[in-house]
Amino acid sequence: MEIIEGVSGAHFSGWRPSSTAPTSPSSPTAPSQQPFVIGVSGGTASGKTTVCELIIQQLQDCRVVLVCQDSFYRGLTNEELKHVHKYNFDHPDAFDTEQLVETLSKLKSGHSVQVPIYDFKLHQRSSDIFRLVNASEVIIMEGILVFHEQRVRDMMNMKIFVDADPDVRLARRIKRDTVDRGRDVHSVLEQYAKFVKPAFEDFILPSKKYADIIIPRGGDNGVAIDLIVVEHGLGYFPFKEKQIITPTGATYTGVEFCKQLCGVSIIRSGESMENALRACCKGIKIGKILIHRQGEETQLIYEKLPNDISERHVLLMDPVLSTGNTASQAIELLINKGVPEANIIFLNLISAPEGINCVCTRFPHLKIITSEIEEGLNDQCRVIPGLGEFGDRYFGTDD
Ligand SMILES: O=P(O)(O)OC[C@H]1O[C@H](OP(=O)(O)OP(=O)(O)O)[C@H](O)[C@@H]1O
Ligand SMILES: O=c1cc[nH]c(=O)[nH]1
């Protein structure tokens, strides 16, 4: 039995992070037990910290450390301090990248590290105090330019780019710099026009192409959690390296799945995850299964699946796993259609331990990827605390 939580840490059985960052998708199935490194990048005030906080919240029982690229700012010399308004804090050279690489590689090999402490008001590093960061299962490395340096990228198992509207970012930046960093609005705007915006265009935006996941609308976008679940699930299917010649004649090395994939959504709520699947796998075939449930009883009402489904790896989608009866009936149907149990991954957002137990006991070779394992079920088989009636809330049919 293997339960893998893509982004939540309550249970990590089956968690086998990869030792090197694959091209894409990320493969969590490589043999070593190295920490899993998540890179979070994006422009100034895009919501990176919020995204990191959401990830940490989800990884509640897992040892997670957050390391910020800001800690690696070089302290300014006296000369630079005299002309601080001419200093470009958004250029890659403003950071001590060698020290960042060394720190991340020590953490990645399971060692504790001392991270510098940087003072944004004085533009100086503390000379004698460091933050001790212990070895952990998951390391989050956050910063505007964490995808810029290839050695840093290569240590990351998953790269997330947080996108946000430039106007929103500027407004947030003005608020942050005037309230928290003792600056006046005029100097913030001047710095934005002279350094922040050009550096975003020259260095940060071009690094977006390295991201495995792009989260639109910053940390306000709770929906993107389904993208992370889908992307994580894809990492469990076997793939091989493939080279293609691009229209400019360059050779690009990527990956292709060993077998064709398809999605299957359990109507209705499962359909809410289809966009995330399509965003990751353009043009993927998606079958449908409708199951009526009444108490403990379930009945298959409708199914429409790709004819060659037995030849494919299947991503079965349903955001809520309650008793597990609906998922079990859907999985049984897929197996009857000739899909080997081990070729099915069940993608889920909210699960009850009772449902996981039911599905994993009946189908020990299937994988479940979920973003949250909740406390349990109430006497009406509702997930507690859960989300209430997911389908009604998502489709707007609640009162
Ligand atoms: O694990 P179980 O106890 O079988 O319950 C889980 C099922 O309940 C929800 O669907 P629901 O029946 O509420 O239908 P809907 O998606 O159409 O809202 C959910 O999307 C699952 O399909
Ligand atoms: O809590 C629950 C249980 C089943 N279906 C839901 O949408 N929510």
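Residues numbered from 1 in each chain as written. Chains lettered and ligands numbered in written order. Predicted model: local features only at pLDDT ≥ 70, side-chain atom pairs only at ≥ 80, totals over all residues. Heavy atoms only, no water.

The name given to the protein chain in an unreviewed UniProt entry is Uridine kinase, with Stylosanthes scabra as the source organism.

**Remarks on the nonpolar core**
Side chains that are nonpolar tend, in soluble globular proteins, to be buried together. Counting residues in hydrophobic clusters, the biggest one holds 33 residues, and the most contacted among them are Val67, Leu104, Val133, Ile139, Met141 and Met156. Of all the secondary-structure elements, those providing two or more residues to this core are strand 3 (64–68), helix 3 (97–108), strand 4 (113–119), strand 6 (138–142) and helix 6 (185–204). Once you skip the residues sitting within four places of it in the chain, Leu104 turns out to touch Val37, Ile139, Met141, Val152 and Met155. Within the second largest apolar cluster, 25 residues are counted, among which are Ile289, Ala327, Val339 and Val359. (Core = buried A, V, L, I, M, F, W, Y, C linked by side-chain atoms within 4.5 Å. Buried < 20%, exposed > 50% of the residue type's maximum accessible area, 1.4 Å probe, protein only. Helix = DSSP H or I, 4+ residues; strand = E, 2+ residues; numbered from the N terminus. Contact = heavy atoms within 4.5 Å.)

**Here's the deal with the site of ligand 2**
Near ligand 2 the following residues occur: Arg293, Val320, Ser322, Cys381, Arg382, Val383, Gly388, Glu389 and Phe390. The contact in question runs from an oxygen atom of ligand 2 to an N or O atom on the backbone of Val383, over 2.8 Å. Within the backbone of Gly388, a nitrogen or oxygen atom sits 2.8 Å from a nitrogen atom of ligand 2. If ligand 2 stood free it would expose 240 Å²; the protein chains cover 92% of that surface. Of the residues belonging to the shell around ligand 2, the class tally is four nonpolar, two polar and three charged. (Near = heavy atom within 4 Å. Polar contact = N/O pair within 3.5 Å; in protein donor to acceptor, adjacent residues only side chain to side chain. Areas by Shrake-Rupley, 256 points an atom, 1.4 Å probe, with all protein chains shown as cover. Nonpolar A, V, L, I, M, F, W, Y, C, P; charged D, E, K, R; others polar.)

**Remarks on the packing of aromatic side chains**
Taken as a whole and assessed by the stated rule, the structure comprises eight aromatic pairs. Seen in terms of ring centroids, Tyr73 and Tyr118 are 5.1 Å apart; in terms of plane orientation they differ by 40°. Their pairing is tilted. In this pair, Tyr73 sits in the loop between strand 3 and helix 2 (78–82) while Tyr118 sits in strand 4, placing the two residues 45 residues apart along the sequence. Comparing Tyr73 with Tyr118 shows no difference in burial state: the two are buried. (Phe/Tyr/Trp six-rings, centres within 6.5 Å; stacked < 30°, edge-to-face > 60°.)

**A short note on the pattern of salt bridges**
Overall, the coordinates contain 20 salt bridges when judged by the stated rule. A salt bridge links Arg151 to Glu149; the shortest N-O distance between them is 2.8 Å. Among the ionic pairs, Glu271 bridges to Lys288, the shortest N-O distance being 2.9 Å. Of this pair, Glu271 sits in the loop between strand 11 (261–267) and helix 8 (274–280) while Lys288 sits in strand 12 (residues 286–294); the two residues are 17 residues apart in sequence, bridging distant segments of the chain. (Salt bridge = Lys/Arg side-chain N within 4 Å of Asp/Glu carboxyl O.)

**Digging into the environment of Tyr73**
The class of Tyr73 is buried, set by a relative accessible area of 7%. If we ignore the near neighbours within four places in the chain, the residues touching Tyr73 are Phe89, Ala94, Phe95, Tyr118, Phe120 and Arg125.

**What about the site of ligand 1?**
Neighbouring ligand 1 are 13 residues; Ser269, Arg293, Asp318, Thr323 and Thr326 lie closest to it. The separation between an oxygen atom of ligand 1 and a polar side-chain atom of Arg268 is 2.9 Å. For ligand 1, an oxygen atom lies 2.6 Å from a polar atom in the side chain of Thr323. Here ligand 1 loses 86% of its free accessible area of 500 Å² to cover by the protein chains. When residues of the shell around ligand 1 are traced back to their parent elements, those giving at least two are strand 15 (320–321) and helix 9 (325–336). Taken together, the residues of the shell around ligand 1 sort by class into two nonpolar, seven polar and four charged.

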